[in-house]
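# Summary of structural features
Residue strings, one per chain:
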Amino acid sequence: MVQLGIIGGGMMAEAIFSRLLAEKIYLPSQIQVSEPRADRRQELVERYGVQVTADNREVTSGSEILLLAIKPQIFDAIARELGDISVPLVVSILAGIPLSKLETGFPSSAAIRVMPNAPATVGAGMSAIAAGSQATPGQVEQAKTLLAAVGEVVEVPEKMMDAVTGLSGSGPAFVALAIEALSDGGVAAGLPRTIATPLAIQTVLGTAQLLQETGLHTGQLKDRATSPGGTTITGLRELEQAGVRSAFMEAVVAACRRSQELGS
Ligand SMILES: NC(=O)C1=CN([C@@H]2O[C@H](COP(=O)(O)OP(=O)(O)OC[C@H]3O[C@@H](n4cnc5c(N)ncnc54)[C@H](O)[C@@H]3O)[C@@H](O)[C@H]2O)C=CC1
Ligand SMILES: O=C(O)[C@@H]1CCC=N1
């Protein structure tokens, strides 16, 4: 019997259900994905053996949880198409779409709004969840179990979800841009790309791990790496002159605003 129905078989859907399968939380026979693109359906069957269909309604019949993994821009159309169904729980990963819209769109279901991120693909995701008014503690635990399969989970009040989207939802792209720029800097300084990119990636990974494992404040770590009159302070001065700190802050705030727009 299908236990997890998924609307939209794209990148995030695959990231989440592939880990659920790998961790044996569901069997392939218990997951059904609806996806309009035939080549994508075939790919998902070949890779994972899950059930696929082009018919969204087929997915909803019998599902215990319905995971919405389509783009937020088509949420209204999906709610019109499926709003009369009665699955116990709708879990949405859509940027911006508020619980009020989920609850109005799916009036017979409890709703949980989630914001995961792209590192979910390798089990290193960060997800925030906010429960709707009809969600039972058991359903919140069910959602946490789903998301724990792809990384860390934190429960937040819904009013924080757009800011979460701007930070951890969009953040992997901001960090990827920073890694690419560090690698470019290495190339500009004379390194071959094949050495510069792994150096940049491991530097970001190691710095994050150091901060996480030691609880060291970011400012203390910066000070530790900074000798008087040395190389690091010379580079930091350039970053400050270019307004990099402000650029990151504005990126998160702009992404948060866009999440608010998508939900309005
Ligand atoms: N990409 C990311 O890093 C993150 C994305 N999200 C959210 O996840 C959701 C999905 O994003 P992605 O996986 O990146 O997009 P995607 O484009 O990879 O996946 C969306 C899928 O929905 C399918 N689709 C289109 N129309 C459909 C319909 N009428 N019925 C059923 N399926 C349909 C598309 O063919 C596609 O495979 C979005 O709402 C996004 O806001 C959330 C966190 C991170
Ligand atoms: O760019 C987007 O809209 C999605 C939501 C969070 C990350 N990617």
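Predicted model, so just to flag it, every value in this text is computed and none were measured. (Residues numbered from 1 in each chain as written. Chains lettered and ligands numbered in written order. Predicted model: local features only at pLDDT ≥ 70, side-chain atom pairs only at ≥ 80, totals over all residues. Heavy atoms only, no water.)

Once that is clear, we can look at the overall build of the protein. Counting secondary structure elements, the protein contains twelve helices and eight strands. For the C-alpha atoms alone, the extent of the protein along its principal axes is close to 65 × 40 × 30 Å. Taken across its 264 residues, the protein has 39% of its residues classed as buried. The contacts of the protein with a sequence gap of at least 6 include a subset with a gap of at least 24, amounting to 61%. If you sum the accessible surface of the protein, you get close to 13,900 Å²; carbon and sulfur atoms cover 59% of it. (Helix = DSSP H or I, 4+ residues; strand = E, 2+ residues; numbered from the N terminus. Buried < 20%, exposed > 50% of the residue type's maximum accessible area, 1.4 Å probe, protein only. Contact = heavy atoms within 4.5 Å. Areas by Shrake-Rupley, 256 points an atom, 1.4 Å probe, with all protein chains shown as cover.)

So, about the site of ligand 1. In the neighbourhood of ligand 1, 23 residues make up the surrounding shell, with M11, M12, E35, R37 and I70 lying closest. Within the backbone of M12, one N or O atom sits 2.8 Å away from an oxygen atom of ligand 1. E35 is positioned with one of its side-chain polar atoms (N or O) 2.6 Å from an oxygen atom of ligand 1. Out of a free accessible area of 830 Å², ligand 1 has 77% covered by protein chains. Here the shell around ligand 1 is composed, by residue class, of 15 nonpolar, five polar and three charged. (Near = heavy atom within 4 Å. Polar contact = N/O pair within 3.5 Å; in protein donor to acceptor, adjacent residues only side chain to side chain. Nonpolar A, V, L, I, M, F, W, Y, C, P; charged D, E, K, R; others polar.)

What follows concerns the nonpolar core. Counting residues in each nonpolar core, the largest one holds 32 residues, and the members touching the most others are L4, I6, F17, I31 and I112. Going through the elements one at a time, β1 (4–7), α1 (11–22), β2 (31–34), β4 (65–68), β5 (89–92), β6 (110–115) and α6 (137–148) are the ones with two or more residues in this core. At seven residues, α1 tops the list of elements feeding residues into this core. Setting aside anything within four residues of it in sequence, one finds F17 in contact with I6, I31, V33, L44, Y48 and V50. In this structure, L66, I70, F75 and V90 belong to the second largest nonpolar core, which totals 24 residues. (Core = buried A, V, L, I, M, F, W, Y, C linked by side-chain atoms within 4.5 Å.)

Taken together, the buried positions of helix α2 (residues 38–48) are R40, R41 and L44. On an axial view of α2, the arc spanned by its buried residues comes to 105°, and they lie on one face. Pointing more than 90 degrees away from the buried face of α2 are the exposed residues D39 and E46. (Arc of directions from axis to C-beta.)

Further remarks concern the sheet that holds β1. Spatially, eight strands are ordered β3-β2-β1-β4-β5-β6-β7-β8 in an open sheet, and the strand pairing comes out mixed. Of all strands in the sheet, those with a lone pairing partner are β3 (51–53) and β8 (151–155), marking the two edges. Between one strand axis and the next, the sheet turns by 20° as a mean value, whatever way the strands run. Bridge count between β4 and β5: four bridges; the pairing is parallel. Each residue of the ladder has a partner; that of L66, found in β5, is V90. Along the sheet, α6 contacts β1, β4, β5, β6, β7 (125–131) and β8; its crossing angle with β8, the most-contacted strand, is approximately 150°. (Pairing = 2+ DSSP bridges. Axes fitted to C-alpha atoms, helices over the stretch in contact; angles between N-to-C directions.)

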